[in-house]
Amino acid sequence: DTGVSQDPRHKITKRGQNVTFRCDPISEHNRLYWYRQTLGQGPEFLTYFQNEAQLEKSRLLSDRFSAERPKGSFSTLEIQRTEQGDSAMYLCASSRGSGKTQYFGPGTRLLVL
Amino acid sequence: AQRVTQPEKLLSVFKGAPVELKCNYSYSGSPELFWYVQYSRQRLQLLLRHISRESIKGFTADLNKGETSFHLKKPFAQEEDSAMYYCALSFPNTGNQFYFGTGTSLTVIP
């Protein structure tokens, strides 16, 4: 499968713990996006990278959230001091340049107890 | 500000009946509009985009700038069309981030 992959697929954690998610985009895609989806809502944009540069961050991305794409390939999204409100599906997508179709991964479902 | 509105959370139609999923957007420029679909236990995937002007799986969508709408239509619904449908808008000159609607769950009744 050469699509976007995400790991882990599910994560249960206790409030206050840190969690890290990984996204592997389609290999030739230079743009990588993170979205969050809560129940009954569509995906909400969090941040995106062009190669290794993080070019935009949503206001949804509080200072507890950080994302990296160190070599312009895979990306990680870390949430520090998790809160119950962080419980959501975290989606990653990639595209080959601007204005191109985004391809989504299967998501990581986070539950904060 | 809500940029994409999908007024129907749930929509049920009988097999063979026409289906229309509504999408309205609020933006005065020239965005790109997309329909994404999520079948049960599958990932979000592109169904169609307005600039392609193509029909995918019998679905079409026409961008109406006057009414700021991008409704998705199919003349004869099939059971396999049952899924969650999301309308999305992007601004190619600003990073191409997507703004999604809240989605419409379509059920096609056999």
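First, a word on what this report is: a plain description of the structure on this page. The structure presented is a predicted model; accordingly, all values stated were derived computationally and were not measured. Numbering of residues starts from 1 in each chain and follows the order in which that chain's sequence is written. For this description, chains carry letters from A and ligands carry numbers from 1, given in the order in which they are written. Since the coordinates come from a predicted model, pLDDT governs what is reported: local features require at least 70, and pairs of side-chain atoms require 80 or more to be given and counted, while whole-chain, interface and lining totals use all residues. Hydrogens and waters are ignored; side-chain quantities use all the structure's heavy atoms.

### Quick notes on the pairing of strand β3 (residues 19-24) of chain A
Residue and element names in this part refer to chain A.
Here is step 1 of the chain: Relative accessibility under 20% of the residue-type maximum defines a buried residue, over 50% an exposed one, and the middle range a partly exposed one, all with a 1.4 Å probe and only protein chains included. The way it works is that DSSP assigns letters per residue, a run of H or I at least four long becomes a helix, a run of E at least two long becomes a strand, and they are numbered from the N terminus. Burial along β3 is one-sided: Val19, Phe21 and Cys23 are buried, and none of Thr20, Arg22 and Asp24, which face the opposite way, are.
Here is step 2 of the chain: Any two strands between which DSSP finds at least two bridges are classified as paired. Sheet topology note: the strand β1 (residues 5-7)/β3 ladder contains three bridges and is antiparallel. Bridged to Asp7 within β3 is Arg22.
Here is step 3 of the chain: By the bridge criterion, five bridges tie β3 to strand β8 (residues 75-79) in an arrangement that is antiparallel. When the sheet's bridge partners are listed, Phe21 is paired in β8 with Leu77.

### What to know about the pattern of salt bridges
Residue and element names in this part refer to chain B.
Here is step 1 of the chain: The working definition used for a salt bridge is a side-chain nitrogen of Lys or Arg within 4 Å of a carboxyl oxygen of Asp or Glu. Tallied over the full model, the rule gives eight salt bridges over all chains.
Here is step 2 of the chain: Between Glu79 and Lys15 there is a salt bridge; the shortest N-O distance is 4.0 Å. Note that Glu79 is positioned in the loop between β8 (72-74) and β9 (83-90) and Lys15 in the loop between β2 (10-14) and β3 (19-21), a separation of 64 residues in sequence.
Here is step 3 of the chain: Glu20 is the salt-bridge partner of Lys22, the closest N and O atoms lying 3.1 Å from each other.

### Things to note about the state of the cysteines
Here is step 1 of the chain: Pairs of cysteine sulfur atoms within 2.5 Å are identified as disulfides in what follows. Across all of its chains, the model carries two disulfides over all chains by this definition.
Here is step 2 of the chain: Here Cys23 of chain A connects covalently by a disulfide to Cys92 of chain A, the sulfurs 1.8 Å from one another. Judged by the sign of its S-S torsion, about -65 degrees, the cystine formed by Cys23 of chain A and Cys92 of chain A is left-handed. Here the residue Cys23 of chain A occupies a position in strand β3, and Cys92 of chain A occupies one in strand β9 (residues 88-95), the gap between them amounting to 69 residues. With respect to class, Cys23 of chain A is no different from Cys92 of chain A; both count as buried.
Here is step 3 of the chain: Here Cys23 of chain B pairs with Cys87 of chain B through a disulfide, and the sulfurs are 2.0 Å apart. The sign of the -65 degrees torsion about the S-S bond sets the Cys23 of chain B-Cys87 of chain B disulfide as left-handed. Residue Cys23 of chain B is found in the loop between β3 and β4 (24-25), and its partner Cys87 of chain B is found in strand β9; the two are separated by 64 residues along the sequence.

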